[in-house]
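Here is what each chain is made of, one letter per residue.
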Amino acid sequence: MSRSQNEEFQQWWNKQRDKNHNNNNNDVLYAGDDEAFLAVEIRTPAVDPDKDRIRTRTIRQLSRLYLLKFRQLASSFAWIASSFVYLIRTANRRIANDNPPSVSSSARLYRIIKGFLFVVVLLLCFELAAYFKGWHFTPPSVASAEVAVEVVYAWWLEIRASYLAPPLQSLTNVCIVLFLIQSVDRLVLVLGCFWIKLRRIKPVASTEYPVKPVGEGVRLEDYPMVLVQIPMCNEKEVYQQSIGAVCMLDWPKERMLIQVLDDSSELDVQVLIKAEVQKWQQRGIRILYRHRLIRTGYKAGNLKAAMNCEYVKDYEFVAIFDADFQPPADFLKKTVPHFKGNDDLALVQTRWAFVNKDENLLTRLQNINLSFHFEVEQQVNGVFINFFGFNGTAGVWRIKALEDCGGWLERTTVEDMDIAVRAHLCGWKFIYLNDVKCLCELPESYEAYKKQQYRWHSGPMQLFRLCFMDILRSKVSVAKKANMIFLFFLLRKLILPFYSFTLFCVILPLTMFFPEANLPSWVVCYIPGIMSILNIIPAPRSFPFIVPYLLFENTMSVTKFGAMISGLFKFGSSYEWVVTKKLGRSSEADLVAYAETDSLAESGTIQRSSSDSGLTELSKLGSAKKAVKTRRNRLYRTEIALAFILLAASVRSLLSAQGIHFYFLLFQGITFVIVGLDLIGEQVS
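Residues numbered from 1 in each chain as written. Predicted model: local features only at pLDDT ≥ 70, side-chain atom pairs only at ≥ 80, totals over all residues. Heavy atoms only, no water.

### Things to note about the overall build of the protein chain
Each helix and strand counted, the protein chain has 19 helices and nine strands in total. Scored against the burial criterion, the 685 residues of the protein chain give a buried share of 49%. Pairs at least 24 residues apart make up 80% of the contacts formed inside the protein chain by residues separated by at least 6 positions. Here the protein chain has roughly 34700 Å² of accessible surface; of this, 60% comes from carbon and sulfur atoms. (Helix = DSSP H or I, 4+ residues; strand = E, 2+ residues; numbered from the N terminus. Buried < 20%, exposed > 50% of the residue type's maximum accessible area, 1.4 Å probe, protein only. Contact = heavy atoms within 4.5 Å. Areas by Shrake-Rupley, 256 points an atom, 1.4 Å probe, with all protein chains shown as cover.)

### Concerning the packing of helix H11 (residues 415–425) against helix H13 (residues 478–513)
The relative placement of two packed helices comes down to the angle between their axes together with the axis-to-axis distance. Their axes nearest at 11 Å, the elements H11 and H13 cross at an angle of 160°. Of the possible angle classes, the one that applies to H11 and H13 is roughly antiparallel. Every pair of crossing elements has a handedness; the one defined by H11 and H13 is right-handed. Contacts between H11 and H13 pair Met417, Val421, His424 and Leu425 from the former with Lys480, Met484, Phe488, Phe489 and Lys493 from the latter. (Axes fitted to C-alpha atoms, helices over the stretch in contact; angles between N-to-C directions. Parallel < 35°, antiparallel > 145°, perpendicular 65-115°, else oblique. Left-handed = near helix turned anticlockwise from the far one by under 90°.)

### Here's the deal with the UniProt feature "transmembrane region" (unreviewed entry) in the protein chain
Under the present numbering, the feature "transmembrane region" (unreviewed entry) in UniProt falls on residues 70–88, 109–132, 171–196, 494–513, 635–654 and 660–680. As annotated, residues 171–196 comprises 100% helix and 0% strand, and the C-alpha atoms at either end are separated by 38 Å. End C-alpha to end C-alpha, residues 660–680 measures 25 Å, and it is 81% helix and 0% strand. (UniProt positions renumbered as here; feature names shortened; annotations may be inferred.)

### Structural notes on the nonpolar core
The biggest cluster of nonpolar side chains holds 88 residues, and the ones touching the most others in it are Ile243, Trp397, Val421 and Phe489. Ranked by the residues each element gives to this core, the list is headed by strand S9 (residues 429–440), at seven residues. Composition of this core by domain shows at least three residues from each of domain 1 (182–201 + 445–582 + 634–684) and domain 2 (226–442). Leave out the neighbours within four places in its chain, and Phe489 touches Met417, Val421, Pro460, Met461, Leu463, Phe464, Cys467, Ile471, Met484 and Leu494. Residues Tyr153, Leu178, Phe372 and Ala649 belong to the second largest nonpolar core, which totals 59 residues. (Core = buried A, V, L, I, M, F, W, Y, C linked by side-chain atoms within 4.5 Å. Domains from an automatic or database assignment.)

### Structural notes on helix H14 (residues 521–536)
Taking 1.5 Å of rise per residue, the 16 residues of H14 would be expected to cover 22 Å, and the 22 Å separating its terminal C-alpha atoms lies within 8% of that figure. Here H14 has its buried residues at Val523, Val524, Ile527, Pro528, Met531, Ser532, Leu534, Asn535 and Ile536. (Expected span 1.5 Å × (residues − 1).)

### As for the packing of aromatic side chains
Ring pairs (aromatic) are described by centroid distance and by the angle formed between their planes. Enumeration over the complete set of coordinates arrives at 26 aromatic pairs. Between Trp156 and Phe514, the ring centres sit 5.8 Å apart and the planes meet at 65°, which makes this aromatic pair edge-to-face. Here Trp156 is found in helix H4 (residues 148–199), whereas its partner Phe514 is found in the loop between H13 and H14, with 358 residues between them in sequence. Given a relative accessible area of 8%, Phe514 falls into the buried group. Taking 6.1 Å as the distance between ring centres and 85° as the angle between the ring planes, the aromatic pair formed by Phe179 and Phe504 counts as edge-to-face. Here the residue Phe179 occupies a position in helix H4, and Phe504 occupies one in helix H13, the gap between them amounting to 325 residues. The ring of Trp280 carries the charged tip of Arg283 above its face, separated from the ring centre by 4.5 Å. (Phe/Tyr/Trp six-rings, centres within 6.5 Å; stacked < 30°, edge-to-face > 60°. Lys NZ or Arg CZ within 6 Å of the ring centre and 35° of its normal.)

### Regarding the sheet that holds strand S7 (residues 345–354)
Pairing is mixed in the open sheet, where seven strands are placed in the order S5-S4-S3-S6-S8-S7-S9. Two strands bound the open sheet, and with one partner strand each, they are strand S5 (287–291) and S9. When the angles between neighbouring strand axes are averaged without regard to direction, this sheet yields 20°. Relative to strand S8 (residues 395–398), S7 runs antiparallel, the two being bridged by three bridges. Across the sheet, residue Leu347 finds its bridge partner in S8, namely Trp397. Sheet strands in contact with helix H5 (residues 239–247) are strand S3 (226–232), strand S4 (256–262) and S5, and its direction is about 175° off that of S3. Seen against the sheet, helix H7 (residues 298–307) touches S3, S4 and S5 and runs at an angle of roughly 145° to S3. (Pairing = 2+ DSSP bridges.)

In structure tokens, the structure reads:
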């Protein structure tokens, strides 16, 4: 480029720059050498003062917004931390109150399970580390291992395979054999029940009483003298229903005496019960109120003291009803005739029916269990063996049989089973009536149900220790001795809770950490499923609850196992009696019965006092459900600890790709969590 050309270009450029003088924000970048240069124009936007102020204001607003968000986040973290601390304190307080000091067996069992949980968590961490490091697939040898952890893991594999897995497999095989024996026993019972239904076998009385109510012109000598006893203790929710139902039994009032055996320690409850007795006395019912000053021996002591009364010798039979039982009006007409012509008959037991079986999930599951007990166990044993355990209520005893076997004894918490065993050893027979039903209540809270089951499973082991030699020395046949020892006590009272807890709560989780010990899938899934179906047959409406029933029964095996151990080894808690808490649920039959009472009073069969009327009682029972105090859910540490064990084992089962075992452990662990948090049973706020 020549010098003249360069000057011309410079002039042109200056003109162009003057044209754009209003846009004074142009920059020129020169680049060139000695002979030429390049001019590049870079345009930058003009700075607007208003936009700058808006940008500054937006930055400040964003800063304040983020500061506010940070404060909210900090307050949320503080709330979560305080809530967590409160939860821990509440859990500690409720767990501390879960097992009182007297329940020594529960404390021992919890300490063992807590140690078991520590070992399981340690093994799980060890196995997870080995899995992710690759040792799980190709375990290193001790010689080639360089890392200390690898050496420890290699030693663990050798010890596990050589020393720990064989005894665990042996214990597993023993429990499987016991499980199969118990399953065969249950299958035989079900087949026996089917045979009874097919052949329509049931006890038939040699005589029958007229269905119409007892009135004038009846021959009193045709009706034997019957004593009716209602033992109770601080049960103000249900005393009125039971006393009213018993007083309306269709039996000549001259031939029946009612004893209300009140062992209540609360003065206000005593006053209420005494007033109820006086009300029925004014109506012409022969009813007495008895209260012991020295309340020893629990229910057995109460019944024993009542049987020592002088006037008892005038009576031939005694009917017993717990405080929450409501017998039908024709109860005595359907039970007492079976004694006529059967001089060796000691007991007529009737079936329980439940007014609150659909109240919640817990009562539905109890209904499955008890329906099988009455429909299958009691009926089959009554038909084929003439022996079964007395249920403690809703039964009629021959007083001579009670005296012959020694009367009520206070040595165990299952006085009903005790007297039934002694009567059977003395040669007396029993009859079970499946078609006569007596209304009662099921415990609606897990706390009440757990205490009831603890007593029902610790007492038989106490009794077995005490009467074992008596069974061997008795004069009954060898077959009856074998049935009582091996079936009645060992298989159904000892082996059942033992293998249920050991197999599904101990061995199954351990086999996940000891893969050399094998627990077959048919033991975990198929056989329990079949047994659950058999159990649910007497209550077909409960079939949708078959899976919860199976899982819940395994959960309850912890309580039953602890109770069995407590009774077998004479721990202090096995002698503790806790009255099962009832809520006083009324059924539709109660209202009908009270309406009938009013009509009987009008006809003169029952004398009505001037201050009372049947309509008043009817209005009282109109509100069927009584107000219940709100209670807080409890935490059960044993169940929660076992939940963590099973969930940890389910995680370990994933490493071994054991599908059925994983699902069983997972759902069983979740069930333990639900029960441990007291989320089953009575709905509370």
